[in-house]
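Spelled out, the chains give:
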Amino acid sequence: MNKKFSSLTMLYAAVLLAVAMLPISCTPTPPPTPKDLAQEAIIPLPVSLEATGSSFRLTEKTDIYVQAGNPELERLGQYLAGLLNPATGLEIGVKTTDEAPASGHFYLALGANDAELGKEGYQLEIAETTVNLTANEAAGIFYGIQTLRHLLPAAIEKPEKQEGPWEIASGKIRDYPGYGHRGSMLDVSRHFFSVEEVKRYIDLISLYKMNVLHLHLSDDQGWRIEIKSWPKLAEIGGSTEVGGGEGGFYTQEQYKDIVQYAQDRYIMIIPEIDMPGHTNAALASYGELNCDGQPRKLYTGTEVGFSTFCTTKDTVYKFIDDVFRELAALTPGPYLHIGGDESHVTPMAEYIPFINRVQDIVAAHGKQVVGWDEIANAEMKPGTIVQLWAGAENAKMGVEKGAKVIMSPASKAYIDMKYDSTTELGLAWAGYIEVDTGYIWDPAAMAAAEGVDKSVILGVEAPLWSETVTNIKEVEFMAFPRIPGIAEIGWTPANLRQWDEYKLRLGKQKARFEAMEINYYASPKVPWAAQ
Ligand code: ACM
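Calculation criteria
- Residues numbered from 1 in each chain as written.
- Predicted model: local features only at pLDDT ≥ 70, side-chain atom pairs only at ≥ 80, totals over all residues.
- Heavy atoms only, no water.
- Pairing = 2+ DSSP bridges.
- Helix = DSSP H or I, 4+ residues; strand = E, 2+ residues; numbered from the N terminus.
- Axes fitted to C-alpha atoms, helices over the stretch in contact; angles between N-to-C directions.
- Contact = heavy atoms within 4.5 Å.
- Buried < 20%, exposed > 50% of the residue type's maximum accessible area, 1.4 Å probe, protein only.
- Disulfide = S-S within 2.5 Å.
- Core = buried A, V, L, I, M, F, W, Y, C linked by side-chain atoms within 4.5 Å.

**With respect to the sheet that holds strand S8 (residues 181–187)**
Strand order in the closed barrel made by the 8 strands is S8-S9-S10-S11-S12-S13-S14-S15, with parallel pairing throughout. Shown here is a sheet whose adjacent strand axes are inclined to one another by a mean of 30°, direction ignored. Where S8 and strand S9 (residues 212–216) come together, 5 bridges link them in parallel fashion. Bridging from a neighbouring strand, Leu186 pairs with Leu215 of S9. Packed on one face of the sheet, helix H9 (residues 348–364) meets strand S10 (268–275), strand S11 (335–339) and strand S12 (368–372) and runs near 160° to S11. Here helix H15 (residues 482–491) sits on the sheet in contact with S8 and strand S15 (457–464), set at roughly 175° to S15.

Given below as structure tokens:
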């Protein structure tokens, strides 16, 4: 080899090596940033938390390891990577492993066999070198991932690359919910919301560990689900909405897509077909559901209490059986909601046998009934659940007949109520519900005041009726920031819930709401943090 060439090559190699080493020698890996886990704004507030004062940093080398042999964990690993990669610009991958990985990685594992954590709890151990997330069941891993979102800078929620650093305060969190039922109801009947809008709502409530979305699929103004055996329900009943807009309905395929999307986020969809009142859209679609056999006119106003099925006609029960058969087949969860509220033009002597018979129909399709609190006037068949909204005495009567209770007291949990007199959207018949009013109550204490024991309370649901709410941005304005409060009531023990402390954590959600482009109400009750 030519000597001159070889020494030039060596010089070149030496320069290359020096250049390659430059970034290492000039920017040594910075030491972990001290961070206090106890100061992080996690909603719902975890049950227990120990801070260790340091942090875990995401780097180019970070991956997500999941215990081998569990496709659900792999899916959750991919979900976590999908949350982290866009804003960090990292290419965090998902790898399977039989044992805890080496330093620098996330590790998701099941089989904690930890009775205290239950079905939905998780344990998160964050050290400088690793983030270990363990749970008994996959839902717990999902909720641990939501906590990790809250521990990362709000910019993690943005869809394109942002400046780091991406650090997570170190320590240990053990966390599990107080109630198994933590949800919201969306009225897709008064105004119709598209599949994409419903998915957005699912995404938003899942950040706060809610696990139920109750869809109010039928009312006087609209029928929103395709029923193949009674096709005019969707065709005619789905053709308009409050104010006379074009309405809409979900095909069964679209509805299945919503159910799956929710299930992937550990959210159960509870479908509601309201009856015997709130039925004008069905009565307009099929004349035979009326006692006089004549179809009603479609209705686009906002009055309530004027419609009823003809409860003495066999056709009506054949219709209900068909509807619930098709709906049961679309519903992996245990519940079908039968409404039952405000049936002011159904005589009580007809209402009671009607509700009894409908409970039997639902049971015959292998499902349990949920109904608004008026259904407690009927018998309570095994498994029936009463949803308290206005009549605490109804809920008490239901419990005395063996029912369990979901708490949705209108004066606290109805997120279609205005925040104050200046709120343009919403109604006010149950009062104004400022953010503090919506937070400062306890389902068990409220039930106890009526003589109902905590043991029969399944949890909480925040209904969002849509007489005045026409699109997802308006939904967001009414739901945020009240949804995080209801979610915390459902998750965090009552003795850890204090408005003066909560409002600071809520104020720190501002940057996250903005990163997620949530159209929230900037309540003057909340000290919104600058960033
Ligand atoms: C209801 O608000 N009518 C349940």
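**Considering the pairing of S10**
Consecutive residues of a regular strand have side chains that alternate between opposite faces of the sheet. A large share of S10 lies buried, amounting to 7 of its 8 residues. Alignment of S9 against S10, held across 5 bridges, turns out to be parallel. Across the sheet, His214 pairs through a bridge with Ile270, a residue of S10. Summarising the sheet, S10 and S11 pair through 2 bridges and their orientation is parallel. Each bridged residue has a counterpart across the sheet, and for Glu272 the counterpart in S11 is His337.

**Comments concerning the sheet that holds strand S1 (residues 48–57)**
Here 7 strands make up an open sheet; going across it, the order is S1-S7-S5-S6-S4-S2-S3 and the pairing mixed. Both outer strands of the open sheet, S1 and strand S3 (94–97), are each paired with one neighbouring strand and no more. Looking at each pair of strands side by side, their axes are set apart by 25° on average, direction ignored. The pairing of strand S5 (residues 122–126) with strand S7 (residues 167–175) spans 5 bridges and is classified as antiparallel. The residue of S7 that forms the bridge with Ile126 is Gly171.

**A closer look at unusual backbone geometry**
Here the bond from Gly164 into Pro165 is cis, since omega is -5°, no more than 30 degrees from zero. With respect to the helices and strands, Pro165 occurs in the loop between helix H3 (138–151) and S7. In this chain, Met275 is followed by Pro276 through a cis amide linkage whose omega measures 0°. Along the polypeptide, Pro276 turns up in the loop between S10 and helix H7 (280–285). Positive phi, close to 65°, is recorded for Lys209, a residue that is not glycine. Positive phi outside glycine occurs at Glu342, with the angle close to 45°. With respect to the helices, strands and loops of the structure, Glu342 is situated in the loop between S11 and H9.

**Overview of the state of the cysteines**
Inspection of every chain in the model, using the stated rule, returns 1 disulfide. Disulfide partner of Cys291: Cys310, at an S-S distance of 2.0 Å. Residues Cys291 and Cys310 are joined by a disulfide whose S-S torsion is about 90°; by sign, that bridge is right-handed. With Cys291 in the loop between H7 and helix H8 (314–329) and Cys310 in the loop between H7 and H8, this pair connects stretches of sequence that are 19 residues apart. Cys291 gets classed as exposed once you look at its relative accessible area, which sits at 57%.

**A word on the nonpolar core**
By size, the foremost hydrophobic cluster in this structure holds 104 residues, and its most contacted members are Tyr201 and Phe324. Element by element, the count of residues in this core is highest for H8, at 8 residues. Core analysis: the second largest hydrophobic core is formed by 41 residues, Leu37, Leu76, Leu108 and Leu110 among them.

Fair warning: the whole summary comes from geometry, so function is off the table for now.
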